[in-house]
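# Commentary on secondary and tertiary structure
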Amino acid sequence: MSDERVERRQAAVPSADEANIEPILPDMAARTELHSIDTLTLSDTQFLRGEAVGKATTTSGQLRLATNSGQLPVVVLQHGSAGMAPNVEMWVRELNKIGVSTFALDGFTGRGLIEVNTNQALLGRLNFILDIYRALEVLAKHPKVDPARIALMGFSRGGQASLYASLKRFHRLWNRSGVELAAYVSFYPDCATKFLSDTDVVGRPIRIFGGTPDNYNPIAACKAYVERLRAAGADVQLTEYPNASHAFDNPRGAQPAAMLPGYQSVRNCLIEEDADGLLINTDTKRPFAYTDTCVVHGVHIGHDPVATREAKQAVKAIFKKAFQLP
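Let me sum up the structure you'll find in this document. In this text, all values refer to a predicted model and were calculated from it rather than measured experimentally.

## Some remarks on the overall build of the protein chain
The helix and strand inventory of the protein chain stands at eight helices and 14 strands. Against the globule reference of 20 Å for 326 residues, the protein chain gives a C-alpha radius of gyration of 22 Å, in line with a compact fold. Counting only C-alpha atoms, the protein chain reaches 95 × 45 × 40 Å along its principal axes. The proportion of buried residues among the 326 residues of the protein chain is 53%. Across the protein chain, contacts joining residues at least 24 apart in sequence account for 80% of those joining residues at least 6 apart. A total accessible area of about 15,000 Å² is found for the protein chain, and carbon and sulfur atoms account for 51% of it. With 35 positive and 35 negative side-chain charges, the protein chain shows a spacing of 3 Å between the two charge centroids.

## What about the sheet that holds strand β13 (residues 286-287)?
As summarised here, the arrangement of the four strands in space is β7-β11-β12-β13, forming an open sheet in which the pairing is mixed. Sheet topology places β7 (193-194) and β13 at the edges, where each strand pairs with a single neighbour. Bridging between strand β12 (residues 279-281) and β13 involves two bridges; their strand directions are antiparallel. Directly across from Asn281, in β13, lies its bridge partner Arg286.

## What about the sheet that holds strand β9 (residues 236-241)?
Pairing is mixed across the open sheet formed by eight strands, whose spatial order is β1-β2-β4-β3-β5-β6-β8-β9. Single-partner strands in this sheet number two, and they are β1 (31-41) and β9. Adjacent strand axes in the sheet meet at a mean angle of 20°, parallel and antiparallel pairs treated alike. When strand β5 (residues 145-155) meets strand β6 (residues 184-187), the two strands line up parallel, connected through four bridges. Bridging across to β6, Gly154 finds its partner in Ser186.

## Section: the packing of aromatic side chains
Overall, the coordinates contain 17 aromatic pairs when judged by the stated rule. Judged by centre distance (4.9 Å) and plane angle (20°), the rings of Phe187 and Phe209 are stacked. With Phe187 in strand β6 and Phe209 in strand β8 (residues 206-211), the pair connects residues that are 22 residues apart, well separated along the chain. Comparing Phe187 with Phe209, the two get one shared label, buried. Here the aromatic rings of Phe187 and Phe248 are separated by 5.8 Å at their centres, their planes lie at 35°, and the arrangement is tilted. Of this pair, Phe187 sits in strand β6 while Phe248 sits in the loop between β9 and β10 (258-265), and the two are 61 residues apart along the sequence. Comparing Phe187 with Phe248, the two get one shared label, buried. One aromatic cluster is present, formed by Trp91, Phe155, Phe187, Tyr188, Phe209, Tyr241 and Phe248 through successive ring pairs. Taking NZ or CZ as reference, Arg157 lies 5.9 Å from the ring centre of Phe128, over its face.

## Describing the environment of Arg267
Following the sequence through the fold, Arg267 ends up in the loop between β10 and β11 (271-273). The exposure class assigned to Arg267 is partly exposed, which follows from its relative accessible area of 31%. Each C-alpha atom, one on Arg267 and one on Asp214, is 9.8 Å from the other, the two residues being 53 residues apart in sequence. Leave out the neighbours within four places in its chain, and Arg267 touches Asn215, Tyr216, Pro218, Val296, Gly298 and Val299. At a separation of 2.6 Å, a polar atom in the side chain of Arg267 contacts the main-chain carbonyl oxygen of Asn215. Reaching out from Arg267, the side chain makes a polar contact with the backbone oxygen of Gly298 at a distance of 3.0 Å.

## Considerations on the pattern of salt bridges
Here the structure, examined in full by the defined rule, presents 17 salt bridges. Between Arg31 and Glu33 there is a salt bridge, and its shortest N-O distance comes to 2.6 Å. Among the ionic pairs, Arg230 bridges to Glu227, the shortest N-O distance being 3.3 Å. Placement of both Arg230 and Glu227 in helix α7 (residues 219-231) is noted, with a separation of three residues, approximately one turn of the helix. The class of Glu227 is partly exposed, set by a relative accessible area of 48%.

## Brief notes about the nonpolar core
The biggest cluster of nonpolar side chains holds 58 residues, and the ones touching the most others in it are Phe47, Phe103, Ile129, Tyr164 and Phe170. With eight residues, helix α4 (residues 127-140) is the single largest residue contributor to this core. The next biggest cluster of nonpolar side chains, apart from the first, holds 32 residues, and it includes Met153, Phe155, Phe209 and Ile318.

Reading guide: rules and limits
In every chain, residue numbers begin from 1 and rise along the written sequence. Where local features are concerned, this predicted model is filtered to residues with pLDDT of at least 70; where side-chain atom pairs are given and counted, the filter is 80 or more; whole-chain, interface and lining totals use all residues. The side-chain figures draw on all heavy atoms in the structure; neither hydrogens nor water molecules are used. Counting from the N terminus, the helices are the DSSP runs of H or I reaching at least four residues and the strands are the DSSP runs of E reaching at least two. Restricting the calculation to C-alpha atoms gives the radius of gyration, and the globule rule supplies 2.2 Å times the number of residues raised to the power 0.38. Summary of the burial criterion: residues with accessible area below 20% of their type's maximum are buried, those above 50% are exposed, and those between are partly exposed, where the area comes from a 1.4 Å probe applied to protein chains only. Contact between two residues is taken to exist if any of their heavy atoms lie within 4.5 Å; hydrogens are not considered. Accessibility throughout is a Shrake-Rupley quantity obtained with a 1.4 Å probe, and a residue counts as covered only by protein chains that appear here. Under this rule, positive means Lys or Arg and negative means Asp or Glu; His and the chain ends count for nothing. Lysine's charge is taken at NZ, arginine's at CZ, aspartate's at CG and glutamate's at CD. In short, DSSP must find at least two bridges between two strands for them to pair. To obtain an axis, a line is fitted to C-alpha atoms, over the contacting stretch when the element is a helix, and the angle between two such axes runs from 0 to 180 degrees between their N-to-C directions. Two rings belonging to Phe, Tyr or Trp (six-membered ring only in the last case) form a pair when the distance between their centres is within 6.5 Å. Interplanar angles under 30 degrees mark stacking, angles over 60 mark edge-to-face geometry, and anything in between is tilted. Criterion for a charge above a ring: Arg CZ or Lys NZ at most 6 Å from the ring centre, at most 35 degrees from the ring normal. Two N or O atoms count as a polar contact when they lie within 3.5 Å, although within protein this holds only if one can serve as hydrogen donor and the other as acceptor, and sequence-adjacent residues are included solely when both atoms are side-chain atoms. Whenever Lys or Arg places a side-chain nitrogen within 4 Å of a carboxyl oxygen from Asp or Glu, that contact is recorded as a salt bridge. What is meant by a nonpolar core is a set of buried Ala, Val, Leu, Ile, Met, Phe, Trp, Tyr and Cys residues, joined one to another through side-chain atoms within 4.5 Å.

As structure tokens, then:
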């Protein structure tokens, strides 16, 4: 074959762009797995008393492995009251991009729930902590997971879970996995409840992110808790964004933030655990209920691109340090 014919044949081979071949993206998982998680559905009092007498429940988690080789660090992601919202998918991609696998927990579908924003009484708020500990049992046995490099990150109701999952007392009551989490990252959590021994936390970084105008879970309550944690010697930091409303990291959120009149908030409540494991409304001195007058309806929720961009950088830096990544 002449050189001229060879050149013509080579020229006829299309490039990847010409053939519309999609490149392998850095945020694309090497493998995705769905795992069942055996857990319980408990009242908050049963959880606080350590009573494993709730309803047997099977939830699930989506494990996305960032690469094909070796044991990898993993971040457990816990959604909020809206369920698996777009912010969870956004964080999955951001973390996979830096070589960190993710385990996104679905605490609703297995319980027959879609959302609890409009009726928080449908599920005790501490159930997610138990789900997280049970998820650690699954991850600890997985051949592609480094059990020494697992961290936790949650949002709103899930942010409350990721914050208070750091309590030593809760680990003693419920964590049978043998896993010690490397870091606890909490986005716009509810800090309105004071638990017994809630400043006795594990010796790992605790990081909280929220916005000044958040009127779902006001950041002021978290500031007060952070001060108590610091006084007890905890490694805790709070990052406040001046223009960020609740769920500011949801890329599909309204801009500006929209009022959602049916959503329940405990922003006017002060709740404390008593010695019997009951959550008491400090105003009424009676067990707290979502029918209490301190519970209000109507919150603003929306996306803040600036706060989201800054939070992405901060969160990735946290996990790179916790997992000793380059």
